[in-house]
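Observations on the three-dimensional arrangement
Residue-level listing of the chains:
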Amino acid sequence: MHIDLTGKTALVTGSTRGIGHAIAVGLARAGATVVLNGRQQADVDQAVARLLEAVPGATARGVAADLGSAAGFQTLKAAQPQVDILVNNLGIFGPQPFAKIPDEDWDRFFQTNVMSGVRASRLYLPGMQDKDWGRIVFISSESALNIPADMIHYGMTKTANLAVSRGLAKSLAGTGITVNAVLPGPTLSEGVHQMVAPGMDEASARRLADAFVQAHRGSSILCRAATPDEVANLVVYVCSPQASATTGAALRVDGGVVDTLV
């Protein structure tokens, strides 16, 4: 299968590192013009440079905007008023005992993990409707189905991603616009590396992440942490013309962690 996204413009929110950056690279390799996003201009510039090094000849640019708040979308709209492909990847996570999660953290997680995708979809949907073609992808998590006891606020937001994705897909019935959610499982992204193995080299962090999966995700069929590229591969397909009959779906790339037949 040859995925060709030539002529399409794709925005990946929260794409200066980790899964988001891997998705941006994958879309660029497929020929899309890619817009990267992060909060700090220096981080965005470095991410664009890394993408261009990985995909020589690609067309990529960056927008520095904090999409965890409504104000950031004014900056985004001015810099990039239309896209064909939107990947709502921006998200934060972190373990915290339920009784110690203050209201401010519940709101911060909801604004960043849920409302960023709602606002971005609302911003770019009219342009997609004008063309009767578009792809919207919400990066959810297996934690949407297996709510982690130590990250209940995070799990709640990932479940909300599924609800928004499914409802938006249904509202676009009969159009050329698809809306899907992708659910990664344990993935050794840069953020996870820094959380579980700060200061460790890549090989050591990989061993620790794999040991975590085997010890705490016993249902995993993969028996190891995924790589960001493995998650990105599914997202790139979902954004492709070949995925035109896939919409309203919750697509798992979780290594089999969620123990269900459907």
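Everything numeric in this text was worked out from a predicted model, so none of it was measured. (Residues numbered from 1 in each chain as written. Predicted model: local features only at pLDDT ≥ 70, side-chain atom pairs only at ≥ 80, totals over all residues. Heavy atoms only, no water.)

When its secondary structure is counted, the protein shows eight helices and seven strands. Taking 262 residues into account, the globule formula puts the C-alpha radius of gyration at 18 Å, and the protein, at 17 Å, falls close to it. Along the first, second and third principal axes, the C-alpha set of the protein runs to 50 × 40 × 40 Å. Residues counted as buried form 52% of the 262 residues belonging to the protein. (Helix = DSSP H or I, 4+ residues; strand = E, 2+ residues; numbered from the N terminus. Rg over C-alpha atoms; globule rule 2.2 N^0.38 Å. Buried < 20%, exposed > 50% of the residue type's maximum accessible area, 1.4 Å probe, protein only.)

Let us look at the nonpolar core. Within the largest apolar cluster, 35 residues are counted, with the highest numbers of intra-cluster contacts made by I23, L27, V34, L36, L51, V87 and V235. Counting residues per element, the ones that place at least two in this core are β1 (9-12), α1 (18-29), β2 (33-38), α2 (41-54), β4 (85-88), β5 (134-139) and α8 (228-238). Tallying contributions element by element places α1 first for this core, with seven residues. Not counting chain neighbours up to four residues away, the residues in contact with I23 comprise V12, V87, N89, I139, A232, V235 and V236. Judged by nonpolar contacts, the second largest core, of 26 residues, contains A65, L123, A144 and L162. (Core = buried A, V, L, I, M, F, W, Y, C linked by side-chain atoms within 4.5 Å. Contact = heavy atoms within 4.5 Å.)

With that settled, consider helix α7 (residues 202-216). Taking 1.5 Å as the rise per residue, α7 with 15 residues should run 21 Å; its terminal C-alpha atoms sit 21 Å apart, in good agreement. Every buried residue of α7 is listed here: A205, A209, D210 and V213. The buried side chains of α7 occupy one side of the element, clustering within an arc of 135 degrees when seen end-on. The outward face of α7, more than 90 degrees from its buried face, is lined by the exposed residues R207, Q214 and A215. Put simply, D201 is the residue that caps the front of α7, since its side-chain oxygen is 3.3 Å from the backbone nitrogen of A203. (Expected span 1.5 Å × (residues − 1). Arc of directions from axis to C-beta. Polar contact = N/O pair within 3.5 Å; in protein donor to acceptor, adjacent residues only side chain to side chain.)

What follows is about the packing of helix α3 (residues 72-79) against helix α4 (residues 103-131). Following both chains from N to C, one finds α3 and α4 inclined at 30 degrees, their axes separated by 11 Å at the closest point. Crossing angle aside, the handedness with which α3 passes α4 is right-handed. Residue-level contacts link F73, L76 and K77 of α3 to S116, R119, A120, L123 and Y124 of α4. Looking at the contact of α3 with α4 residue by residue, the class counts come to five nonpolar, one polar and two charged. (Axes fitted to C-alpha atoms, helices over the stretch in contact; angles between N-to-C directions. Left-handed = near helix turned anticlockwise from the far one by under 90°. Nonpolar A, V, L, I, M, F, W, Y, C, P; charged D, E, K, R; others polar.)

Our next topic: the side chain of S116. Checked against the element boundaries, S116 lands in helix α4. Separated by 2.5 Å, the side chain of S116 and the backbone oxygen of T112 make a polar contact. Excluding its chain neighbours within four sequence positions, the residues that come into contact with S116 are L67, F73, N88, L90 and Q111.

Moving on, we come to the side chain of T178. Structurally, T178 can be placed in strand β6 (residues 177-184). For T178, the contacting residues outside a window of four places in its chain are G134, R135, I136, V238, A243, S244, T246 and T247.

Let us now look at the pattern of salt bridges. Overall, the coordinates contain six salt bridges when judged by the stated rule. Across the salt bridge formed by D210 and R206, the nearest N and O atoms sit 3.2 Å from each other. In this pair, D210 and R206 are both assigned in helix α7, four residues apart and thus about one turn of the helix distant. Take D210: its relative accessible area is 15%, and that puts it in the buried class. Of the charged contacts in the structure, one is a salt bridge between R252 and D254, with a shortest N-O distance of 3.3 Å. A relative accessible area of 7% places D254 in the buried class. (Salt bridge = Lys/Arg side-chain N within 4 Å of Asp/Glu carboxyl O.)

Once that is clear, we can look at the packing of α4 against helix α5 (residues 152-171). Axis separation between α4 and α5 bottoms out at 8 Å; the angle between their running directions is 20 degrees. The angle between α4 and α5 places the two elements in the roughly parallel class. Along this stretch, α4 crosses α5, giving a crossing that reads as right-handed. Each of W106, F109, F110, N113, V114, V118, S121 and L125 in α4 lies in contact with α5, whose residues at this interface are I152, H153, Y154, M156, T157, K158, A160, N161, V164 and L168. When grouped by side-chain class, the residues that make up the contact of α4 with α5 number 12 nonpolar, five polar and one charged. (Parallel < 35°, antiparallel > 145°, perpendicular 65-115°, else oblique.)

Shape is all these values report; function is a separate question.
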